[in-house]
Amino acid sequence: MSIEYTGINKQTAEGEIKNFLDSCPEGAIFKMVINSKRGYLRIKIKNPGKSRIRRLIGRIRRKKSTP
């Protein structure tokens, strides 16, 4: 999901980021990209649970395929 705000002030940006962080579950891991040259900030939630499960399945598959 993506929401774009154009021409907002600092207080609005702070409020929206705070609302976003408050809506996320406790212990969530984020990826944050700040590009000061282009003037944007991106925050994404990374789901480590899925990637761990995928890695585990991939390791099990590799172990089964080797004789």
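As a reminder, the structure under discussion sits directly above these lines.
The structure reproduced in this document is the subject of the present report.

Parameters at a glance
Residues numbered from 1 in each chain as written. Predicted model: local features only at pLDDT ≥ 70, side-chain atom pairs only at ≥ 80, totals over all residues. Heavy atoms only, no water. Helix = DSSP H or I, 4+ residues; strand = E, 2+ residues; numbered from the N terminus. Buried < 20%, exposed > 50% of the residue type's maximum accessible area, 1.4 Å probe, protein only. Contact = heavy atoms within 4.5 Å. Areas by Shrake-Rupley, 256 points an atom, 1.4 Å probe, with all protein chains shown as cover. Pairing = 2+ DSSP bridges.

Moving on to the overall build of the protein chain. What the protein chain contains, in helices and strands, is two helices and two strands. Sequence-ordered secondary structure for the protein chain, helices as α and strands as β, is α-β-β-α. Counting across all 67 residues of the protein chain, residues that qualify as buried make up 1%. Expressed as a percentage of contacts within the protein chain between residues at least 6 apart in sequence, the contacts between residues at least 24 apart total 10%. Surface accessibility of the protein chain: about 6,700 Å² in total, with carbon and sulfur atoms responsible for 53%.

Bridging between strand S1 (residues 29–35) and strand S2 (residues 40–46) involves seven bridges; their strand directions are antiparallel. Considered in S2, the bridge of Met32 is made with Ile43. Hairpin connection from S1 to S2: four residues lie between these consecutive antiparallel strands, with Gly39 at a positive phi of about 75°.

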